[in-house]
Amino acid sequence: MAGLVVLLSGSVAAGKSTLAEELRRHFDFHVVKTWQLLLSVRPDANQDRDTLQRLGEELDRKTEGRWVVEELDKVIRDLDAEMCVVVDAVRISKQIDHIRRGFGRRVKHIHLHAPLTKLTERYNSRSGGSIEEFKSYDEVRQNRTELEVPTLRTVADVVVDTTRNTKDDVLVRAACH
């Protein structure tokens, strides 16, 4: 069972994976990517953003967001009791609610945000990720769940604007909580 469980939310290109990697590098967090959890549920799924977004929405409908905590529990049950985990990323409030019920006070939710122009710029400069991306950020934003992600700031423990903070500042703000 894990020690601290940090949930990251934010739009695509807000800086979630960067923060997860910084937590791993500086504090030895175990990083859990929800797209990997999706592939554990459906190993034959294509590894592209469109397929994974649709699969996530399907599982959210079927389980009311419970699938994330169920798959997360499988991953972290064998970790050392003091190991900290960062989940990159939660996409709906019901996922957060189920994880909070499952792991209690050990859960901290950090929401990252940036203006649309910056998100678009970051997305367009990406190269060679683990999953196949859409051709444009406009395509990302056609997904209903993605459009609702900014509302998760209202249920977050910490909200950070990644354009007003350096990568190190974001890390420090996350680590303080």
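Residues numbered from 1 in each chain as written. Predicted model: local features only at pLDDT ≥ 70, side-chain atom pairs only at ≥ 80, totals over all residues. Heavy atoms only, no water.

## A word on the overall build of the protein chain
Keep this limit in mind: Starting at the N terminus, helices and strands are each numbered in turn, a helix being any DSSP run of H or I of at least four residues and a strand any DSSP run of E of at least two. Our radius of gyration looks at C-alpha atoms and nothing else; its globule reference is 2.2 Å times the residue count to the power 0.38. Accessibility here uses a 1.4 Å probe with only protein chains present; expressed as a share of the type maximum, an area under 20% marks a residue as buried, one over 50% as exposed, and anything in between as partly exposed. A contact between two residues is defined here by any heavy atoms of the two lying within 4.5 Å.
The helix and strand tally for the protein chain stands at 9 helices and 5 strands. Its C-alpha radius of gyration of 15 Å places the protein chain within 12% of the 16 Å reference for a compact globule of 177 residues. Along the longest, intermediate and shortest principal axes, the C-alpha atoms of the protein chain span 40 × 40 × 30 Å. Taking all 177 residues of the protein chain together, 46% fall into the buried category. Contacts in the protein chain between residues far apart in sequence, at least 24 positions, make up 78% of those at least 6 positions apart.

## Brief notes about the pattern of salt bridges
How we decide: By salt bridge we mean one thing: a side-chain nitrogen of Lys or Arg within 4 Å of a carboxyl oxygen of Asp or Glu.
Inspection of the entire model under this criterion finds 14 salt bridges. The shortest N-O distance in the salt bridge between Lys33 and Asp88 comes to 3.0 Å. With Lys33 in strand S2 (residues 30-33) and Asp88 in strand S3 (residues 85-88), this pair connects stretches of sequence that are 55 residues apart. A residue is classified by how much of its surface remains accessible, and Asp88, at 7% relative accessible area, is buried. For the salt bridge of Arg100 with Asp157, the shortest nitrogen-to-oxygen distance reads 3.0 Å. With Arg100 in helix H5 (residues 93-103) and Asp157 in the loop between helix H8 (144-148) and strand S5 (158-161), this pair connects stretches of sequence that are 57 residues apart. Classification of Arg100 by relative accessible area gives partly exposed; the value is 24%. Counted as one network, the salt bridges with shared partners bring together Glu22, Arg25 and Lys167.

## Remarks on the environment of Val68
By the element assignment, Val68 lies in helix H4 (residues 67-76). Distance in space between the C-alpha atoms of Val68 and Met83 is 19 Å, their sequence separation being 15 residues. Excluding residues that lie within four positions of it along the chain, Val68 makes contacts with Thr34, Leu37, Gln95 and Ile99.

## Focus: the side chain of Thr162
Our working definition: As used in this structure description, the phrase polar contact means that two N or O atoms lie within 3.5 Å; if the pair is within protein, one of them must be able to donate a hydrogen and the other to accept it, and residues adjacent in sequence are counted only when both atoms belong to side chains.
Checked against the element boundaries, Thr162 lands in the loop between S5 and helix H9 (167-175). For Thr162, a relative accessible area of 12% translates into the label buried. In this structure the side chain of Thr162 is engaged in a polar contact, spanning 2.8 Å, whose partner is the backbone oxygen of Ala14.

## Description of the packing of helix H1 (residues 16-27) against H9
Our working definition: Fitted lines through C-alpha atoms serve as axes, helices being fitted only where they are in contact, and the angles separating the N-to-C directions of these axes extend from 0 to 180 degrees. Convention used here: angles under 35 degrees read as roughly parallel, angles over 145 as roughly antiparallel, angles from 65 to 115 as roughly perpendicular, and any remaining angle as oblique. Under the convention adopted here, Pro, Cys and the residues Ala, Val, Leu, Ile, Met, Phe, Trp and Tyr are nonpolar, Asp, Glu, Lys and Arg are charged, and Gly plus all remaining residues are polar.
In the contact formed by H1 and H9, the axes pass within 10 Å of each other and the chain directions differ by 70°. Classified by the interaxial angle, the pair formed by H1 and H9 is roughly perpendicular. Contacts from Thr18, Leu19, Glu22, Leu23, His26 and Phe27 in H1 reach Lys167, Asp168, Val170, Leu171, Ala174 and Ala175 in H9. Its residues assigned to classes, the contact of H1 with H9 shows 7 nonpolar, 2 polar and 3 charged.

## Notes on the sheet that holds S2
Sheets are built from strands that pair by backbone hydrogen bonding, the pairs being arranged parallel or antiparallel. Filter applied, for reference: Any two strands between which DSSP finds at least two bridges are classified as paired.
Pairing within the open sheet is parallel, and its 5 strands lie in the order S2-S3-S1-S4-S5. Since the sheet does not close on itself, it has two edges, and those belong to S2 and S5, each with one partner. Pairs of neighbouring strands in the sheet enclose a mean axial angle of 20°, with direction left out of account. Here H5 sits on the sheet and contacts strand S1 (5-9) and strand S4 (107-113); the angle it forms with S4, its principal contact strand, is near 155°.

What is shown is where atoms sit, not what they do.
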